[in-house]
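Below are the chains, spelled out letter by letter.
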Amino acid sequence: MKHAKLKDFPDNFLWGASTSAYQVEGAWNEDGKGPSVIDMANHTEGVTDFKVTSDHYHHYKEDISLMAEMGFKTYRFSIAWTRIYPTGSGELNPKGIEFYNNLIDELIDKGIEPLVTMYHFDLPYALQEKGGWSNRETVDAFENYARTLFENFGDRVKYWLTINEQNMMILHGDAIGTVDPNLENPKKELYQQNHHMLVAQAKAMNLCHQMLPGAKIGPAPNIANIYPASSSPEDMIAADNYAAIRNWLYLDMAVYGRYNTIAWNYMEEKGYIPVIQEGDMEILKSAKPDFIAFNYYTSQTVEASRDNGEEAGHTGDQQISVGEPGVYKGAKNPNLKVNEFGWEIDPVGFRTTFRQIYDRYQLPLIVTENGLGAFDKLEEGDIINDSYRIDYLRQHIEQIKLAITDGVEVFGYCPWSAIDLVSTHQGSSKRYGFIYVNRDEFDLKDLRRIRKQSFYWYKDVIATNGANL
Ligand code: BG6
């Protein structure tokens, strides 16, 4: 639909940006923090680990003051479970509570609304050693951790996100380093883990509503519209299959507390049906999110699987789908350009994704990730001219405006990332931030913060509530 006039962004729109604890904080073993699965995993060869990253743990005041200078209304960050409970449960670490108290206070002092992800890929290693999400006890550990977060920070944090990109942990855990490589029957095990995470999420949502009546909580999956590679009916079926497995399984459960039919039948066909304990479906049904947060980098395109084994092997990564025999096969979209890392760029697909989610669930939406990874260049005079990032973000914000005009309720936008950090599997040279962190892959240099071109641009976007793009 072509609109004659576009609607404005709503007043109080939450402009901000995102990070996650393990990718930005560093201080991986300081002040009582326990190891997470990320700390103990083998890292991609040739790129840095997550020990220091951007050292936000020691620079948080300076970083928040730069966010305030940009005019952030919100900052989406995650809490490292292992700072709060070094072994996932049991003894609480007061230093961890203190760090996030300070961070939250600093944000509030600067007029920035904290938007907290409870868990962003970094499961405590002590829980992993006991089976991680395959072990039902991890559900209890998460509930206990959630209670601690609500008790300690609930007086100041109004917006909570349960689990970041649960769908990517299940579909692309090998790329983001969250899957135990020793699993015997990985897919079956993963869908059991998925079920446990869904129950844990439902319990956390219920607990939040009981303990913090004024707070709001929602899931944060990675959602992308799926194109069929052609108008062939078989390609359409493949697109439907993938949409169910990648997107709707997670949101149907979070919102309606039921397994998506196509996804369920896929799981049955493949032998991935999880053990569901008595009472689980009631818990899942009883929990209701207040909003849906989602991450979007690009759309996906798939064609019918030829079922000839081509789709087997590795699983691609968060934005590159390889496929699954008999279900779908990842395809290239000839209409789209790709970034330096082979991820397609599809702003219009962003609008479609908004429309699809809102049509299905009718809940307010907030974007918790969207952005462009690139090899930024620091030029003489501390200049980083990331005009390509500005282009990407501008094109995507334009599409939010169109989605709002389409009638979608959108209340915030948090691109990835507030500040440079370490990518999930492609190191620190793949940068996303508005703020440059002066380090190389293996040389930490002075970790100086430098404003990029996009910093000034985004500041103006926020100051004009999206009118100046
Ligand atoms: C999302 C994750 O999948 O994509 C982030 O939630 C991640 O943690 C982001 O950093 C960008 O991906 P990558 O692989 O470039 O770091």
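Our subject is the structure listed above.
Residue positions within a chain follow its written sequence, with the count starting from 1. Only residues with pLDDT of 70 or above have their local features reported here, since the model is predicted, and side-chain atom pairs are shown and tallied only from 80 upward, although totals for entire chains, interfaces and linings are computed over all residues. In computing side-chain values, all of the structure's heavy atoms are included and hydrogens and water are not.

Asks: It is not clear to me how the environment of Lys 445 should be interpreted in this structure. Could you clarify?
Replies: Runs of E in the DSSP output that reach at least two residues are strands. Runs of H or I that reach at least four are helices, and both are numbered from the N terminus. Relative to the helices and strands, Lys 445 is located in the loop between β15 (435–437) and β16 (449–451). Only protein chains enter the accessibility calculation, which uses a 1.4 Å probe. A residue is then buried if its area is under 20% of the maximum for its type, exposed if over 50%, and partly exposed in between. Under the relative-accessibility criterion, Lys 445 is labelled partly exposed at 45%. Residues Lys 445 and Gly 257, 188 residues apart in the sequence, show an inter-C-alpha distance of 49 Å. Setting aside anything within four residues of it in sequence, one finds Lys 445 in contact with Asn 438, Arg 439 and Asp 440. Whenever a nitrogen or oxygen atom comes within 3.5 Å of another N or O atom, the pair is scored as a polar contact, on the condition that within protein one atom can donate a hydrogen and the other can accept it, and that pairs from neighbouring residues in sequence are kept only if both atoms are in side chains. Looking at Lys 445, its side chain comes within polar contact range of the side chain of Asp 440, at 3.4 Å. Throughout, a contact is declared for two residues whenever any of their heavy atoms are within 4.5 Å.

Asks: Help me out: how do you make sense of the pairing of strand β1 (residues 14–18) in this one?
Replies: On any regular strand, side chains alternate: one points to one face of the sheet, the next to the other face. A large share of β1 lies buried, amounting to five of its five residues. What you see with β1 is no split at all: Leu 14, Gly 16 and Ser 18 on one side and Trp 15 and Ala 17 on the other are buried throughout. Pairing between strands is defined by DSSP: at least two bridges between them are needed. Two elements, β1 and strand β14 (residues 410–413), share two bridges in a ladder whose sense is parallel. Note that in β14 the partner of Trp 15 across the bridge is Tyr 413. Here three bridges tie β1 to strand β2 (residues 74–78), and the two strands are oriented parallel to one another. Residue Ala 17 lies in a different strand from β2, and its bridge partner there is Tyr 75.

Asks: Would you mind showing me how to read the sheet that holds strand β10 (residues 328–330) here?
Replies: Two strands in a sheet stick together by hydrogen bonds in their backbones, pointing the same way (parallel) or opposite ways (antiparallel). The strand order across the open sheet built from four strands is β6-β8-β10-β9, with neighbouring strands paired in mixed fashion. For this open sheet the edge positions go to β6 (226–228) and β9 (323–324), each flanked by a neighbour on one side alone. Two strands pair when backbone bridges link them, and β6 and strand β8 (residues 300–303) are joined in this way by three bridges, in the parallel orientation. Note that in β8 the partner of Pro 228 across the bridge is Val 302.

Asks: Please clarify how the packing of aromatic side chains should be interpreted in this entry.
Replies: Aromatic ring pairs: the centre-centre distance and the angle between the two ring planes describe each pair. Any Phe, Tyr or Trp ring, taking Trp's six-membered ring, that has another such ring centre within 6.5 Å forms a pair; planes under 30 degrees apart are called stacked, those over 60 apart edge-to-face, and the others tilted. Applying the stated criterion to the full structure yields 41 aromatic pairs. With 6.1 Å between their ring centres and 75° between their planes, Tyr 297 and Tyr 432 make a pair best called edge-to-face. You can see Tyr 297 sitting in the loop between β7 (292–295) and β8 and its partner Tyr 432 sitting in the loop between β14 and β15, a full 135 residues away along the chain. A relative accessible area of 5% places Tyr 297 in the buried class. Looking at Tyr 432, the relative accessible area reads 6%, which means it is buried. Clustering of aromatic rings is evident, with ring pairs tying together Phe 9, Phe 13, Trp 15, Phe 72, Tyr 413, Phe 434, Trp 457 and Tyr 458. Each ring is checked for a lysine NZ or an arginine CZ that lies within 6 Å of its centre and within 35 degrees of its normal; such an atom marks a charge sitting over the ring. The ring of Phe 99 has Arg 83 sitting right over it, with the charged end atom 5.8 Å from the ring centre. Over the ring of Tyr 436 we find Arg 431, and its NZ or CZ is 3.9 Å from the ring centre.

Asks: Could you clarify how one ought to interpret the packing of helix α11 (residues 233–256) against helix α12 (residues 261–270) in this entry?
Replies: The relative placement of two packed helices comes down to the angle between their axes together with the axis-to-axis distance. Axes here mean lines fitted to C-alpha atoms, for a helix over just the part in contact, with angles spanning 0 to 180 degrees between N-to-C directions. The geometry of α11 relative to α12 is characterised by a closest axis approach of 8 Å and an angle of 105° between their N-to-C directions. Taken together, the axes of α11 and α12 are roughly perpendicular relative to one another. Here Asn 241, Ala 244, Ile 245 and Leu 249 of α11 lie close against α12, whose contacting residues are Ile 262, Ala 263 and Tyr 266. Each residue is assigned to one of three groups, with Ala, Val, Leu, Ile, Met, Phe, Trp, Tyr, Cys and Pro labelled nonpolar, Asp, Glu, Lys and Arg labelled charged, and all others, Gly among them, labelled polar. Considered class by class, the residues forming the contact of α11 with α12 number six nonpolar, one polar and no charged. Roughly parallel means an angle under 35 degrees; roughly antiparallel, over 145; roughly perpendicular, 65 to 115; everything else is oblique.

Asks: I tried to follow the site of the ligand on my own but got confused; where do I start?
Replies: Neighbouring the ligand are 16 residues, the closest being Gln 23, Glu 165, Thr 424, Lys 430 and Tyr 432. Here Glu 165 contributes a side-chain N or O atom positioned 2.5 Å from an oxygen atom of the ligand. Considering only residue class, the shell around the ligand consists of five nonpolar, eight polar and three charged. Neighbouring residues are identified by heavy atoms, a residue being near a molecule or strand if any of them is within 4 Å of it.

Asks: Even after reading the chapter, I still don't get the sheet that holds strand β5 (residues 216–220), so can you show me in this structure?
Replies: Sheet architecture is open: eight strands sit in the order β5-β4-β3-β2-β1-β14-β13-β7, paired in parallel fashion. Looking at strand neighbours, the two that pair on one side only are β5 and β7, the edges of this open sheet. For this sheet, the mean angle separating the axes of adjacent strands, direction not counted, is 25°. Here strand β4 (residues 159–164) runs beside β5; their pairing, made up of four bridges, is parallel.

Asks: Mind showing me how you'd approach unusual backbone geometry here?
Replies: Of all residues except glycine, most have a negative phi; of all peptide bonds, most are trans. Omega for the bond connecting Trp 416 with Ser 417 falls within 30 degrees of zero, at 5°, which places this linkage in the cis form. Unusually for a residue other than glycine, Asp 31 sits at a positive phi of about 50°. Here Asp 31 is to be found in the loop between α1 (21–24) and α2 (37–40). Note on Asp 31: relative accessible area 36%, which makes it partly exposed. Positive phi, normally seen in glycine, also occurs at Gln 362, with a value near 55°. Looking at where Gln 362 falls in the secondary structure, it is placed in the loop between α14 (347–361) and β13 (365–369).

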